[in-house]
Amino acid sequence: MSETTMPAETNVRRTVRVDLAERGYDIVIGDGLIGEAGERIAALFPGARVAIITDETVATLHLPAFTASLDAAGLGHETFLVKPGEPSKSFPVFEDLCDRVLGAHFERNDVIVALGGGVIGDLAGFVAGVVRRGMPFIQVPTTLLAQVDSSVGGKTGINTAQGKNLIGLFNQPALVLADTSALDTLAPRDFRAGYGEVAKYGLIDDPTFFAWLEQNWQGIFDGGPERIEAVAHSCQAKARVVAADEREGGMRALLNLGHTFGHALERAVGYDGALLVHGEGVSIGMVLAHDFSVELGICPKEVATRVREHLSTVGLPTHMSDIPGQLPGTAELMRYIAQDKKVSRGALTFILTRGLGCSFIEKGVNPAAVEDFLERQRLVP
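Going along each chain's sequence as written, the residues are numbered from 1 onward. In keeping with the predicted nature of the model, local features appear solely for residues at pLDDT of at least 70, side-chain atom pairs appear and are counted solely at 80 or more, and the whole-chain, interface and lining totals rest on all residues. In computing side-chain values, all of the structure's heavy atoms are included and hydrogens and water are not.

### Regarding the sheet that holds strand β2 (residues 25–30)
Consideration 1: Pairing is mixed across the open sheet formed by seven strands, whose spatial order is β1-β2-β9-β6-β5-β3-β4. At either end of the open sheet lies a strand with only one pairing partner, and these are β1 (13–18) and β4 (77–82). Averaged over all pairs of adjacent strands, the angle between their axes in this sheet comes to 15°, without regard to strand direction.
Consideration 2: At least two bridges found by DSSP between two strands is the condition for calling them paired. Secondary structure elements are defined from DSSP: runs of H or I of at least 4 residues count as helices, runs of E of at least 2 residues count as strands, and each element is numbered from the N terminus. With five bridges connecting them, strand β3 (residues 50–55) and strand β5 (residues 111–116) associate as parallel partners. Its bridge partner lying in β5, I53 is registered against A114.
Consideration 3: Residue contacts follow a heavy-atom distance rule, with two residues in contact if any of their heavy atoms lie within 4.5 Å. What counts as an axis is a line fitted to C-alpha atoms, over the stretch in contact for a helix, and the angles between N-to-C directions run from 0 to 180 degrees. Strands in contact with helix α8 (residues 225–244) are β1 and β2; relative to β1, the strand with the most contacts, it is inclined by about 10°.

In structure tokens:
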């Protein structure tokens, strides 16, 4: 991929394979896939009943087309609605969904479908992983963040008072259908939040892709052929990492660039989407990770400036001060960071960087240095 031009191929359908041997699966990317879902599901699971887990907002926008495709394929189905937003990733909602799916007499060889964004995918995947000791499930992500990140790789789970995504399991889907036309229904803020995860793939290890994003981001936002290309490229990047390190024993942790800071900020606002959504937290977190790397003397300052400027250009928040309201104190933020999933034997682990697209895993980071850095960052206007 060059820095300024599109590849010659701009097919309306792109397929990315997640290579996990007998548990491998396809990510199909393109416009109109929700209307084809029934046919594709029936090909994988002929005669199965489909338990659709979705939220009230997505149901209004996409459920009629999805259920019509199931009807056309002769697949029985039942829908289970939850409220939209991060609060649905909770024990009470999880327990209720398990009971409702069992009460509707779904069997082990039936299929659970996650129709929605990252919250729905995480929640439905967790339900599928435990109901009847495991049912197959399919991801139909309807947000940019879910299409390029959370629907791929098998991470599922819920939040607790202790932190984000601390209860869950790895459960790979059987298929991912990323209908890029569904992205046209997103609010601009939600689309921008998803773009933060797209930019992340460039910042991890692909500076050429980041440079291409700097030149082509407007086409992605406008729904041009750049959009399918960006989604496909992001999925290819994540598929490579997942195939090499499915359960995050090593390099997969690089996908958490910006997430240690970002998750702490989400927890700090009580997962209130009116104040901060996940992709916005990741955007601020990636800038913080680059700035902290500059402070440690391992990353050029101009790289951190370039990252902040691009994320700001597309409309994403880049400073802690961009979050409305009053954040808790630095000591409280450090308590949230100490609950991060990458903490090992009490030692903090961060994804840091030596330059654009040169991220790495740093274990045993000095908590005092992080606390001092955050305290000063809180004062940046």
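### Remarks on helix α13 (residues 367–377)
Consideration 1: The buried label goes to any residue with under 20% of its type's maximum accessible area, the exposed label to any with over 50%, and the partly exposed label to all in between, with areas taken from a 1.4 Å probe on protein chains only. Within α13 the residues assigned to the buried category are V370, F373, L374 and Q377. Across the axial projection of α13, the buried residues extend over an arc of 95°, all falling on one side.
Consideration 2: Where α13 is buried, its residues meet α9 (259–268), α10 (278–295), α12 (330–337), β10 (348–353) and β11 (359–365). It is the directions from the helix axis to the C-beta atoms that the arc portrays.

### Some points on the environment of T180
Consideration 1: Take T180: it is sitting in the loop between β9 (175–179) and α6 (188–205).
Consideration 2: The spacing of T180 and A42 is 138 residues in sequence and 21 Å in space, taken between C-alpha atoms.
Consideration 3: Apart from the residues within four sequence positions on either side, T180 is in contact with I29, G30, D31, Q147, R227, I228 and V231.
Consideration 4: Polar contact criterion, stated in full: a pair of N or O atoms within 3.5 Å, where within protein one must be able to donate a hydrogen and the other to accept it, and residues adjacent in sequence count only if both atoms are side-chain atoms. In this structure the side chain of T180 is engaged in a polar contact, spanning 2.5 Å, whose partner is the side chain of D31.

### Considerations on the packing of aromatic side chains
Consideration 1: Under the pairing criterion, centres of Phe, Tyr and Trp rings, with the six-membered ring standing for Trp, must be within 6.5 Å; the plane angle then separates stacked pairs below 30 degrees from edge-to-face pairs above 60, leaving the rest tilted. All chains considered together, the criterion is met by 10 aromatic pairs.
Consideration 2: With centroids separated by 5.3 Å and ring planes inclined at 55°, the aromatic side chains of Y195 and F221 adopt a geometry described as tilted. A residue pair is termed long-range when its members are at least 10 positions apart, and Y195 in helix α6 and F221 in helix α7 (residues 207–222) qualify at 26 residues.
Consideration 3: Assessed through its relative accessible area of 0%, Y195 is described here as buried.
Consideration 4: A ring pair is formed by F209 and W212, whose centres lie 5.9 Å apart and whose planes are at 15°; its orientation type is stacked. You can see F209 and its partner W212 sitting in helix α7, three residues apart, about one turn around the helix. A single burial state applies to F209 and to W212, both of which are buried.
Consideration 5: Among the aromatic residues, those joined into a cluster by ring pairs are F191, Y195, W217 and F221.

Note that every value here comes from positions in space, so none of it alone points to a role or purpose.
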